[in-house]
Amino acid sequence: MRQLLGALLAVVALACGAQSQPAQTNAARPPVAQSLGAADCKPGDIPAAKYPQRRAPLTDRELAMARTAWKYFENNTQPSGLANAVDGYPSSTMWDTASYLAGIVAARELDIIPAADADARLARAIGALGKLVFFRGELPNKVYNTQTLQPTDYGNKPGEIGFSALDLGRLLVWLKIVKERYPAHADAIDRFVLRWKLQNVVDKGGMMFGALVDKAGKTQYVQEGRLGYEEYAAKGFELWGVDTTLAARADPQATVPIYCVEVPYDARDPRKYSQHNYVVTESYVLDGIEFNWDLALDRDAGDDRFSHPWMAEYAHRVYQAQENRFRATGILTARSEHQLSQEPWFVYDTVFTDGYPWNTITEDGKYVPQFAAISLKAALGMWVLWRSEYTDRLFAAIADQSDPNKGFLEGVLENGKGPIRAFTANNNGIMLAALLYKAQGKLLRWGPPRETLWERCRRLAGTGPGSGTPAATATTGAPGC
């Protein structure tokens with residue numbers, strides 16, 4: 001899903017003549033028992049479940065942070081309408097495009113930019129999406145050149161390489177948020193999504209699949225997503241009437257005890273399925289700030305209850321393990337995947353994966369503990385969702401980690417060797433969204449019920465609710481659709 005940015009950063013470094021640093025010798029992973037540690041806690045005790053969310057108007061300092069995060073998008077929005085995923089490099093994914101939409105919404109709602117400017121940016125971005133050439137006519141390609149809008153590979157060379165169900169799910173979340181908040185953009189959004197052929201991304205049982213091109217040039221469809229990310233992305237499809245029953249389930253799952261907390265993880269064996277079962281903060285933070293840990297179609301705007309209770313519970317556990325680690329070791333912890341400014345360019349910095357807690361690995365599974373870091377987007381997301389002394393410490397550690405001319409840096413290394421000087425759309429977009437959550441609460445704000453172009457076309461095509469026809473079938477073909 002997110003390996004693109006690592007590839008982009010590598011290309012940027014080569015283009016700028018950066019020198020690769022010598023590879024560091026990786027220490028062996030510590031025995032699991034030593035990694036679990038002991039905190040001043042009781043097994044099964046989850047204080048985070050009682051922590052209130054941080055809800056209040058932004059302070060002057062927080063508004064200044066939002067303006068700094070927006071600077072990234074001022075610098076990186078192309079005339080085409082899309083924004084670069086990595087500072088200064090003209091390439092992006094649908095996941096990062098969603099983070100750009102989040103940034104626009106937050107900048108508008110926080111009065112960083114005038115409403116007219118935000119509407120113009122949204123119109124250009126949605127217009128750009130409408131011009132995209134899809135992977136083999138099915139769905140948006142994994143990567144696009146943000147200047148030419150042409151599909152590319154990870155090196156930004158022209159070519160179609162497949163699609164990501166997780167990226168598309170996140171994009172659908174933010175297209176829905178924009179559509180509900182600003183109905184003037186609804187028709188353009190609907191026309192874009194009506195082009196999607198959904199049969200191969202969500203099957204009849206509601207399982208999500210990504211696409212890739214094998215060595216023979218043939219399309220392969222592979223199940224995509226693990227616990228946390230899979231269920232979050234499934235909500236994006238559900239918002240558009242697509243049945244994601246199997247993808248939305250927590251099973252198969254298991255738990256591992258980490259600092260008195262039974263941390264949930266995906267029980268599918270990485271050795272068998274060739275996918276890492278990362279447990280990171282980002283998916284749970286996104287579900288919290290965008291949905292308030294509610295079911296996708298829950299129209300209740302209140303923040304005092306969670307209609308998706310197991311998602312809220314798992315988020316509390318993932319948070320609590322990190323707070324407990326700090327209490328036991330003194331290491332500030334906010335784990336998520338993040339970019340680097342040197343090889344290997346991108347890491348999954350986890351609470352747990354592939355049998356080990358606090359496992360920091362590359363896409364191919366190499367252990368790189370020297371790149372463990374406080375993720376800024378994770379730390380700020382934790383700060384708004386759990387009001388605690390611990391998240392106050394996190395906020396103090398990350399609030400000034402920025403360049404006023406570029407935006408917020410990616411993270412701060414746990415080993416004390418300084419910040420990660422990489423600037424990305426995903427980090428700055430999520431930070432803006434987190435600050436908007438503090439000011440407004442749940443970001444998915446439903447407008448009055450109405451039949452938009454999308455609903456009308458589905459009804460006329462016989463794929464609407466109650467029709468007996470799966471929503472994952474083509475929705476075009478009706479007049480005007």
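Residues numbered from 1 in each chain as written. Predicted model: local features only at pLDDT ≥ 70, side-chain atom pairs only at ≥ 80, totals over all residues. Heavy atoms only, no water.

1. Points about the overall build of the chain
Here comes step 1: A count of helical and extended segments in the chain gives 16 helices and 19 strands.
Here comes step 2: Buried positions account for 59% of the 481 residues belonging to the chain.
Here comes step 3: The contacts of the chain with a sequence gap of at least 6 include a subset with a gap of at least 24, amounting to 70%.
Here comes step 4: Summing over all exposed atoms, the chain offers an accessible surface of approximately 18,100 Å²; the carbon and sulfur share of this is 52%. (Helix = DSSP H or I, 4+ residues; strand = E, 2+ residues; numbered from the N terminus. Buried < 20%, exposed > 50% of the residue type's maximum accessible area, 1.4 Å probe, protein only. Contact = heavy atoms within 4.5 Å. Areas by Shrake-Rupley, 256 points an atom, 1.4 Å probe, with all protein chains shown as cover.)

2. Brief notes about the side chain of N76
Here comes step 1: With respect to the secondary-structure elements, N76 resides in helix 3 (residues 60-76).
Here comes step 2: Within the local environment of N76, its side chain forms a polar contact with the backbone nitrogen of G88, the two atoms lying 2.7 Å apart.
Here comes step 3: Discounting residues that sit within four places of it in the chain, N76 has contacts with L82, A83, N84, V86, D87 and G88. (Polar contact = N/O pair within 3.5 Å; in protein donor to acceptor, adjacent residues only side chain to side chain.)

3. Notes on the packing of helix 7 (residues 186-194) against helix 16 (residues 453-461)
Here comes step 1: Packing of helix 7 against helix 16 brings their axes to within 8 Å, and their N-to-C directions diverge by 40°. Taken together, the axis directions place helix 7 and helix 16 in an arrangement best described as oblique. Contacts between helix 7 and helix 16 involve D187, D190, R191, V193 and L194 on the former and, on the latter, L453, W454 and C457.
Here comes step 2: For the contact of helix 7 with helix 16, the per-class residue count stands at five nonpolar, no polar and three charged. (Axes fitted to C-alpha atoms, helices over the stretch in contact; angles between N-to-C directions. Parallel < 35°, antiparallel > 145°, perpendicular 65-115°, else oblique. Nonpolar A, V, L, I, M, F, W, Y, C, P; charged D, E, K, R; others polar.)

4. A few points about the nonpolar core
Here comes step 1: Counting 134 residues, the largest nonpolar core has W174 and W196 as the members making the most contacts within it.
Here comes step 2: Formed by eight residues, the second largest nonpolar core is a distinct cluster that contains L340, A373, L413 and I420. (Core = buried A, V, L, I, M, F, W, Y, C linked by side-chain atoms within 4.5 Å.)

5. Some thoughts on the pattern of salt bridges
Here comes step 1: Counted by the stated rule, this structure contains 25 salt bridges.
Here comes step 2: The salt bridge partner of R170 is E290, with a shortest N-O separation of 2.8 Å. With R170 in helix 6 (residues 165-181) and E290 in helix 11 (residues 282-291), this pair connects stretches of sequence that are 120 residues apart. Of the two residues examined, R170 and E290, each falls in the buried class.
Here comes step 3: The residue E451 makes a salt bridge to R459 at a minimum N-O spacing of 2.7 Å.
Here comes step 4: Within the structure, one salt-bridge network assembled from shared partners comprises R325, R335, D349 and E414. (Salt bridge = Lys/Arg side-chain N within 4 Å of Asp/Glu carboxyl O.)

6. Re the packing of aromatic side chains
Here comes step 1: Under the counting rule described, the total for this entry stands at 23 aromatic pairs.
Here comes step 2: Each ring, one from W293 and one from W386, has its centre 5.4 Å from the other, and the planes form 40°; the classification is tilted. Taken together, the residues W293 in the loop between helix 11 and helix 12 (309-329) and W386 in the loop between helix 13 (376-385) and helix 14 (389-398) connect sequence positions 93 residues apart. In terms of burial, W293 and W386 fall into one category: buried.
Here comes step 3: A network of ring pairs unites the aromatic residues Y51, W293, F306, Y319, F326, W386 and Y390 as a single cluster.
Here comes step 4: Positioned above the aromatic ring of W95, the side-chain terminus of R170 is 5.2 Å from the ring centre. (Phe/Tyr/Trp six-rings, centres within 6.5 Å; stacked < 30°, edge-to-face > 60°. Lys NZ or Arg CZ within 6 Å of the ring centre and 35° of its normal.)

7. Here we look at the sheet that holds strand 14 (residues 360-361)
Here comes step 1: The strand order across the open sheet formed by three strands is 10-11-14, and the pairing between neighbours is antiparallel. With partners counted over all chains shown, the strands left at the sheet margins are strand 10 (338-339) and strand 14, one partner each.
Here comes step 2: One ladder, built from two bridges, connects strand 11 (residues 346-349) with strand 14; its direction is antiparallel. Looking across to strand 14, one finds that Y348 is bridged to I361. (Pairing = 2+ DSSP bridges.)

8. Description of the sheet that holds strand 15 (residues 373-375)
Here comes step 1: Across the sheet, three strands lie side by side as 15-18-19; this open sheet has antiparallel pairing. Taken across any chain shown, the strands that pair with only one partner, and hence form the sheet edges, are strand 15 and strand 19 (419-420).
Here comes step 2: Both strand 15 and strand 18 (residues 411-413) contribute to a ladder of three bridges, which runs antiparallel. Bridge assignment links A373 to a residue of strand 18, and that residue is L413.

9. Concerning empty space enclosed by the protein
Here comes step 1: Counting across every chain of the model gives one cavity of 30 Å³ or more.
Here comes step 2: In this structure, the largest cavity encloses a volume near 30 Å³.
Here comes step 3: What lines the largest cavity is simply T281, Y284, V285, A315, V318, Y319, Q322 and W386.
Here comes step 4: At the level of elements, helix 11 and helix 12 are the ones that each hand at least two residues to the lining of the largest cavity.
Here comes step 5: A per-element tally of the lining of the largest cavity places helix 12 first, with four residues.
Here comes step 6: Looking at the lining of the largest cavity, its residues break down into six nonpolar, two polar and no charged. (1 Å grid on protein atoms, 1.4 Å probe; cavity = no way out; pocket = protein on both sides within 12 Å on 5 of 7 lines; lining within 4 Å. Points joined across faces, edges and corners; volume = space filled by probe spheres on them.)

10. Brief notes about helix 8 (residues 229-238)
Here comes step 1: In terms of residue burial, helix 8 counts as a mostly covered element, since nine of its 10 residues are buried.
Here comes step 2: Where helix 8 is concerned, the buried positions are Y229, E230, E231, Y232, A233, A234, K235, G236 and F237.

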